[in-house]
Amino acid sequence: MKSAVETLNPTRVRLTVEVPFEELKPSLDAAYKKINQQVTVPGFRKGKIPNKVIDQRFGRAAVLEEAVNDALPRFYTQAVDEGKIEVLGQPDITDIEGVEKLVDGGDLKFTAEVDVRPEIALPDYSSISVVVDPVVVTDEDIDKSLEQLRERFSSVKDVERAAAAEDVVVVDLEAKVDGEVPEDGTATGVSYEIGSGRLLDGIDEAVVGLSAGESKTFTTTLKGGTQAGKDSEVTVTVTAVQEKELPELDDEFAQLASEFDTLEELRADSRKRLERMKEFDQATQAQEKVLDELLGLVEMEYPEKLLKDEIETRRHNLEHHQLEPMGLTLEAYLATQDKTLEAFLAETEEQAKKGIKTQFVLDEIVGKEELGVNQEELTEHLIRRAAGSGLTPDQFAQQVVQGGQVPLLVGEVARGKALALVVEGAEVKDTNGEVVTFEDDEETEESAEAGTEAAADEAAESTEA
């Protein structure tokens, strides 16, 4: 086999491959064998039909087509290996020549165009400097945390009065669009806390002042259902007004809501918990800012086909995995976001570019720093991913193995280690001018893995060769 590589642009090449008939013979033999097992010819046992008979009964062209389909992927891969090309995605194979000449022992020629990884010049990432929020837990933070805990243990009681802010009301809803009530335009027995913002815009103003049995109509834009994004006349009827009752914040509450005996012990534990949360948030903020600085220092060409496919993948995932189960079209969703299709596509392109660039740059660092992934690191990452998927670690691992996605997980861990390495080498200060260090390498890597996973997860799948 002979092959030649032509660079079309910094991110795409064309391979020209010429295969002598002798090297195609194994594929030709395999084609005859496959057809032999699939067809029946009177007078011959299955699998024992002579090649000449197959040619006469089914045509030599069918055999040649089967042989070429078998041979192309193999010789394409061989040409990629010989050219030491880092390909991205699947090739566009065109200009297949010589098939008709294979009957006489001629050569097969074909060309393949494919995206390749762009060359990346890594900057001096030790010069990166970012500023993050300090880790400060105030008494107000603790009070807010305890109030949220009180809310979880709150109860409600019916009251005979008009609804007021922070009350809970039970309501029936009827929405009309263009004077008609759509199929999903009614709801009954909906419990709603006034001021929570969990239902329709305008409902708070409508229900405040209403008593049980009273109604009011207001205009709003529907957020979900078949009429999402459309203006609607909504009639809300209050069927019950309920007042929230919160437990007293004392030692008895501490014993009810936690393993502690006193309120002071509960407050001290809340402070420690909030400090841990803010430390993790600080680490996440640092890695996000360091990543943005790192990407800003790198100039990179984007593979055209890869970028196009990534944009389409993100759009497809939004439409079919997020919006469709909610009964929303993309147009209806964009209407609720007050966003045009052009703005959405521009935003999606920027997200896709960041995902692709994140993967390529961090992969380059993985290679430069010779970062490896051991079994323990992979297992820990798998357990974290399983927790977010709703599956047990064993179920998630089985799914990963069956889907051939182990290399994707290895890549996620390696990129997380690469970003953690850059963060540790960068200058990180808080807004008070204090130098921030991350002593817990495992926590920093976990935060970095989460960040790189969010930015490049879909891009990783689309860039697999």
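(A) Molecular detail of the side chain of Thr 348. Looking at the secondary structure, you find Thr 348 in helix 10 (residues 341-369). The exposure class of Thr 348 is buried, given its relative accessible area of 4%. Beyond its immediate stretch of four places on either side in the chain, Thr 348 contacts Ile 311 and Arg 314.

(B) Expanded view of the nonpolar core. Counting 33 residues, the largest nonpolar core has Ile 128 and Ile 365 as the members making the most contacts within it. At the level of secondary structure, the elements contributing two or more residues to this core comprise strand 5 (129-132), helix 7 (263-296), helix 8 (304-323), helix 10 and helix 13 (406-425). Here this core takes seven residues from helix 10, the largest share from any one element. Not counting residues up to four positions away in its chain, the partners in contact with Ile 128 are Val 290, Glu 293, Leu 294, Leu 297, Val 422, Ala 426 and Glu 427.

(C) Representation of the packing of helix 4 (residues 139-152) against helix 7 in the model. Look at helix 4 against helix 7: their axes get within 10 Å of each other, and the N-to-C directions meet at 105°. The orientation of helix 4 with respect to helix 7, classified from their angle, is roughly perpendicular. When helix 4 is examined against helix 7, the residues Asp 139, Asp 141, Ile 142, Asp 143, Ser 145, Leu 146 and Leu 149 are found in contact with a partner set consisting of Leu 263, Leu 266, Arg 267, Ser 270, Arg 271, Arg 273, Leu 274 and Lys 278. Of the residues that constitute the contact of helix 4 with helix 7, the class distribution is six nonpolar, two polar and seven charged.

(D) Structural view of the sheet that holds strand 1 (residues 2-9). Pairing is antiparallel in the open sheet, where four strands are placed in the order 1-2-4-3. The two strands at the open ends of the sheet, each matched to only one other strand, are strand 1 and strand 3 (87-97). Mean inter-strand twist for the sheet, computed between neighbouring axes without regard to direction, equals 20°. Its contacts with the sheet put helix 3 (residues 60-83) on strand 1, strand 2 (12-19), strand 3 and strand 4 (108-116), and the angle it makes with strand 4 is roughly 55°.

(E) Structural context of the layout of surface pockets. Approximately 320 Å³ is the volume found for the largest pocket. Those elements that place two or more of their residues in the lining of the largest pocket are strand 7 (168-176) and strand 8 (186-193). Of the residues assigned to the lining of the largest pocket, the class counts are seven nonpolar, six polar and three charged.

(F) Structural detail: the environment of Leu 146. Turning to its location among the elements, Leu 146 is positioned in helix 4. Considering only alpha carbons, one finds Leu 146 and Glu 434, 288 residues apart in sequence, at a separation of 29 Å. The residues touching Leu 146, leaving out its near neighbours within four places in the chain, are Leu 249, Leu 263, Leu 266, Arg 267 and Ser 270.

(G) View of the pattern of salt bridges. Under the criterion given, the structure shown has 27 salt bridges. The shortest N-O distance in the salt bridge between Arg 150 and Glu 147 comes to 2.8 Å. One end of the pair is Arg 150 and the other is Glu 147, both in helix 4 and three residues apart, which spans about a single turn. Close ionic contact of Asp 201 with Lys 223 constitutes a salt bridge, the shortest N to O distance being 3.4 Å.

(H) Summary view of the packing of aromatic side chains. Going through the model one piece at a time under the given rule, you end up with one aromatic pair. For the pair Phe 153 and Phe 253, a centre-to-centre distance of 6.0 Å together with 90° between the ring planes defines the contact as edge-to-face. Of the two residues, Phe 153 is situated in the loop between helix 4 and strand 6 (155-158) and Phe 253 in helix 6 (residues 251-257); the sequence distance between them amounts to 100 residues. One residue, Arg 74, lies across the ring of Phe 75, its end atom 4.6 Å from the ring centre.

(I) Geometry of the packing of helix 11 (residues 375-389) against helix 12 (residues 393-402). One way to put it is that helix 11 packs onto helix 12 with a least axis distance of 9 Å and a crossing angle of 100°. With respect to helix 12, the axis of helix 11 lies roughly perpendicular. Of the residues in helix 12, those in contact with Leu 382, Ile 383, Arg 385, Ala 386 and Ser 389 of helix 11 are Pro 393, Phe 396 and Ala 397. Split into classes, the residues belonging to the contact of helix 11 with helix 12 amount to six nonpolar, one polar and one charged.

(J) Focus on the pairing of strand 2. Bridging between strand 1 and strand 2 involves seven bridges; their strand directions are antiparallel. If you follow Asn 9 over to strand 2, its bridge partner there is Arg 12. The turn joining strand 1 and strand 2, which pair antiparallel and follow one another in sequence, is formed by two residues. Here strand 2 runs beside strand 4; their pairing, made up of eight bridges, is antiparallel. Across the sheet, Arg 12 pairs through a bridge with Asp 115, a residue of strand 4.

(K) Broad picture of helix 4. Its 14 residues place the ends of helix 4 20 Å apart at the C-alpha level, agreeing with the 20 Å of an ideal helix rising 1.5 Å per residue. For helix 4, every residue scored as buried is listed here: Ile 142, Ser 145, Leu 146, Leu 149 and Arg 150. Along the axis of helix 4, the buried residues cluster in a sector spanning 145°; they form a single face. In helix 4, the exposed positions angled more than 90 degrees off the buried face are occupied by Glu 140 and Lys 144.

(L) Geometry of the environment of Arg 117. Tracing the backbone shows Arg 117 in the loop between strand 4 and strand 5. Between the C-alpha atoms of Arg 117 and Phe 360, which are 243 residues apart in sequence, the distance is 7.8 Å. Dropping the residues within four chain positions of it, Arg 117 is found in contact with Pro 10, Glu 86, Leu 88, Gln 359, Phe 360 and Asp 363. Within polar-contact distance, the side chain of Arg 117 engages the side chain of Asp 363 at 3.1 Å.

(M) The arrangement of the confidence of the model for the protein chain in detail. Mean pLDDT over the protein chain stands at 88; residues scoring 70 or higher make up 92%. With pLDDT under 50 throughout, residues 458-465 is counted as low confidence; its partners more than four residues away or in other chains account for 26 contacts.

(N) A look at the pairing of strand 10 (residues 231-245). Relative to strand 10, strand 6 runs antiparallel, the two sharing four bridges. Following the sheet pairing, Asp 158 is matched in strand 10 by Gln 242. Note: strand 9 (residues 215-221) against strand 10, seven bridges, orientation antiparallel. By the bridge assignment, Phe 218 is partnered in strand 10 with Val 234.

Cut-offs and rules
- Going along each chain's sequence as written, the residues are numbered from 1 onward.
- Two thresholds apply to this predicted model, a pLDDT of at least 70 for residue-level local features and 80 or more for giving and counting side-chain atom pairs, whereas whole-chain, interface and lining totals are computed over all residues.
- To obtain the side-chain values, all non-hydrogen atoms of the structure were included, while hydrogens and water were left out.
- Helix and strand labels come from DSSP, where a helix needs a run of H or I of at least four residues and a strand needs a run of E of at least two; each type is numbered from the N terminus.
- Any residue under 20% of the maximum accessible area for its type is buried, any over 50% is exposed, and the rest in between are partly exposed; the area is computed with a 1.4 Å probe on protein chains only.
- Note on contacts: a residue pair is in contact if any heavy atoms of the two residues lie within 4.5 Å.
- The term nonpolar core refers to a set of buried residues drawn from Ala, Val, Leu, Ile, Met, Phe, Trp, Tyr and Cys, joined through side-chain atoms within 4.5 Å.
- Helix axes are fitted only over the stretch in contact, all axes being lines through C-alpha atoms; the angle between N-to-C directions runs from 0 to 180 degrees.
- Should an angle fall under 35 degrees it is taken as roughly parallel, and over 145 as roughly antiparallel, whereas 65 to 115 is taken as roughly perpendicular and any remaining angle as oblique.
- Nonpolar residues are Ala, Val, Leu, Ile, Met, Phe, Trp, Tyr, Cys and Pro. Charged residues are Asp, Glu, Lys and Arg, and all others, Gly as well, are polar.
- Between any two strands, pairing holds if DSSP finds at least two bridges.
- Space inside and on the surface of the protein is sampled on a 1 Å grid over the protein atoms alone, with a cavity defined as a set of points where a 1.4 Å probe fits but cannot get out and a pocket as an open set with protein on both sides within 12 Å along at least 5 of 7 lines; lining residues have an atom within 4 Å of a point.
- Grid points are joined across faces, edges and corners, and a volume is the space filled by probe spheres set on the points.
- Salt bridge, as applied in this entry: a Lys or Arg side-chain nitrogen positioned within 4 Å of an Asp or Glu carboxyl oxygen.
- Pairing of aromatic side chains here covers Phe, Tyr and the six-membered ring of Trp, requires ring centres within 6.5 Å, and sorts the geometry by plane angle: under 30 degrees stacked, over 60 edge-to-face, intermediate tilted.
- Two conditions define a charge located above a ring, namely a distance within 6 Å from the ring centre to NZ of Lys or CZ of Arg, and an angle within 35 degrees of the ring normal.
- Each helix should span, by expectation, one fewer than its residue count multiplied by 1.5 Å.
- What the arc measures is the spread of directions leading from the helix axis to the C-beta atoms.
- Any pair of nitrogen or oxygen atoms within 3.5 Å is treated as a polar contact; in protein, a donor-acceptor pairing is required on top of that, and neighbouring residues in sequence qualify only through side-chain atoms on both sides.
- Each residue carries a pLDDT score, the predictor's confidence in it, ranging from 0 to 100.

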